[in-house]
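# Structural description and commentary
For reference, the chains in residue letters:
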Amino acid sequence: LGDTLSDQEYEKLVVPAVVKLFACNERQVRVHLLRHLHEYASHIPPGVVEKSILPHVATGFTDANAVLRELTLKSLIHLAPKLSHAVM
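Described below are features of the structure shown in this document. (Residues numbered from 1 in each chain as written. Predicted model: local features only at pLDDT ≥ 70, side-chain atom pairs only at ≥ 80, totals over all residues. Heavy atoms only, no water.)

### Describing the packing of helix H3 (residues 27–35) against helix H6 (residues 66–79)
What counts here: For every element, the axis is a line fit to its C-alpha atoms; helices are fit only across the contacting stretch, and the angle between N-to-C directions ranges from 0 to 180 degrees. Secondary structure elements follow DSSP: runs of H or I of four or more residues count as helices, runs of E of two or more count as strands, with numbering from the N terminus. Helix crossings are classified by the rotation of the near helix relative to the far one: an anticlockwise turn of less than a right angle makes the crossing left-handed, while a clockwise turn makes it right-handed. Only heavy atoms enter the contact rule, under which two residues are in contact if any of them lie within 4.5 Å. We call Asp, Glu, Lys and Arg charged. Ala, Val, Leu, Ile, Met, Phe, Trp, Tyr, Cys and Pro are nonpolar, and the rest, Gly among them, are polar.
Following both chains from N to C, one finds H3 and H6 inclined at 35 degrees, their axes separated by 9 Å at the closest point. The hand of the H3/H6 crossing is left-handed. Two secondary-structure elements touch here, H3 through Arg27, Arg30, Val31, Leu34 and Arg35 and H6 through Val67, Leu68, Leu71, Thr72 and Ser75. For the contact of H3 with H6, the per-class residue count stands at five nonpolar, two polar and three charged.

Next up, the structure:
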């Protein structure tokens, strides 16, 4: 999704939808987002990751579903470079 978009277009058109999807409490939506995070994480600005995405991702650490907990942990590989030292 969005492979042909410039960084500015991606930030304007795709990032807001991704942020809304991360806010969704539906487990399968979050699993899908985390499984494919490596495909779009590089396009998301650090401020958006820190303020809008990480709080929703962090809820996965305490989820009852083991798959979601595992994917949450693995997602940090892609999110950590975008986080400030204070958040880390």
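### A short note on empty space enclosed by the protein
Put simply, the test is: Buried and open spaces are told apart on a 1 Å grid over the protein atoms alone, a cavity being a set of points where a 1.4 Å probe fits but cannot get out and a pocket being an open set with protein on both sides within 12 Å along at least five of seven lines. Residues with an atom within 4 Å of a point are the lining residues. Grid points are joined across faces, edges and corners, and a volume is the space filled by probe spheres set on the points.
Considering all chains together, one arrives at one cavity of 30 Å³ or more under this definition. If you add up the space inside the largest cavity, you get close to 30 Å³. Contributing to the lining of the largest cavity are Phe22, Arg30, Leu34, His56, Val57, Gly60, Leu68 and Thr72. Where the lining of the largest cavity is concerned, the elements lending two or more residues are H3, helix H5 (46–58) and H6.

### A look at the pattern of salt bridges
So the rule is basically this: Here, a salt bridge means any side-chain nitrogen of Lys or Arg that lies within 4 Å of a carboxyl oxygen of Asp or Glu. Classification of residues uses two cut-offs on accessible area relative to the type maximum, computed with a 1.4 Å probe and protein chains only: under 20% is buried, over 50% is exposed, and between them is partly exposed.
Applying the stated criterion across every chain yields a total of three salt bridges. Where Asp63 meets Arg27, a salt bridge forms, and the shortest distance between an N and an O atom there is 3.1 Å. In this pair, Asp63 is assigned in the loop between H5 and H6 and Arg27 in helix H3, connecting sequence segments 36 residues apart. For Arg27, a relative accessible area of 34% corresponds to the partly exposed category. Between Glu70 and Lys74 there is a salt bridge whose closest N-O contact spans 2.8 Å. Note that Glu70 and Lys74 are positioned in helix H6 at a spacing of four residues, about one turn of the helix. Classification of Lys74 by relative accessible area gives partly exposed; the value is 46%. One salt-bridge network, held together by shared partners, links Arg27, Arg30 and Asp63.

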